[in-house]
Amino acid sequence: ANVVRSEVLSASTAMRHGIERASDRAVLNLVILERQGKRQVTLPARVTASTHNLIGQSEAIEMRAIRANGRVSYFVTFGFAPLRNFRITMTALPVGTNEPLEIEFEVRLLVPPPMRTPATTPAFTLSALLRDAQAATGFL
């Protein structure tokens with residue numbers, strides 16, 4: 001399982017899967033693998049998930065299956081508060097089994113600072129640096 005900010009997805013991937021790209025939206029992805037001989041195959045399952053913040057509020061989130069190229073994975077998008085920790089709990093019951101698989105992990109998603117534009121970036125020119133060096137040392 002993994003979680004990423006939805007804005008890191010390419011525009012084409014987001015559009016293909018109906019994902020809103022935004023700095024306050026996350027994508028939770030789950031793939032259930034089983035080793036069969038020398039290869040791993042994905043397993044279809046009934047998957048449930050929920051998020052829990054640190055003050056005890058929980059929200060059930062509905063996972064969607066994506067089937068492509070003979071493989072299956074599960075994903076969901078959800079809102080999050082940047083720089084706040086939250087827990088994700090997931091349970092998967094693979095088809096044909098009676099044993100659920102469970103995973104719980106804590107996540108803290110960071111939002112990168114805004115890009116500096118040329119107007120807000122200090123501009124230094126070589127001539128200004130040389131002039132300052134000459135004034136300070138008397139050389140050049």
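Treat the numbers as computed from the prediction; the structure is a model and nothing was measured.

Colleague: Give a description of the pattern of salt bridges that names residues and reports values.
Modeller: The tally for this structure, following the rule as stated, stands at 2 salt bridges. Among the ionic pairs, Arg-5 bridges to Glu-7, the shortest N-O distance being 2.9 Å. A relative accessible area of 26% means that Glu-7 is categorised as partly exposed. As a salt-bridge pair, Glu-104 and Arg-87 come within 3.4 Å of each other at their nearest N and O atoms. You can see Glu-104 sitting in strand 10 (residues 101-108) and its partner Arg-87 sitting in strand 9 (residues 85-94), a full 17 residues away along the chain.

Colleague: How would you summarise the sheet that holds strand 2 (residues 25-30) if you had to cite specific residues and measurements?
Modeller: One key point about sheets: their strands pair by backbone hydrogen bonds, in either a parallel or an antiparallel sense. Taken together, the 4 strands give an open sheet; going across it, the order is 1-2-8-7, and neighbouring strands pair in antiparallel fashion. Edge positions in the sheet fall to strand 1 (2-5) and strand 7 (64-68), since each has one partner strand and no second. The sheet shows a mean angle of 30 degrees between the axes of neighbouring strands, taken without regard to direction. Inspection of the sheet shows strand 7 paired to strand 8 (residues 71-79) by 5 bridges, in the antiparallel sense. Among the inter-strand pairings, Arg-67 is bridged to a residue of strand 8, identified as Val-72.

About the thresholds
Residues numbered from 1 in each chain as written. Predicted model: local features only at pLDDT ≥ 70, side-chain atom pairs only at ≥ 80, totals over all residues. Heavy atoms only, no water. Salt bridge = Lys/Arg side-chain N within 4 Å of Asp/Glu carboxyl O. Buried < 20%, exposed > 50% of the residue type's maximum accessible area, 1.4 Å probe, protein only. Helix = DSSP H or I, 4+ residues; strand = E, 2+ residues; numbered from the N terminus. Pairing = 2+ DSSP bridges. Axes fitted to C-alpha atoms, helices over the stretch in contact; angles between N-to-C directions.

Distances and angles like these do not, on their own, reveal function.
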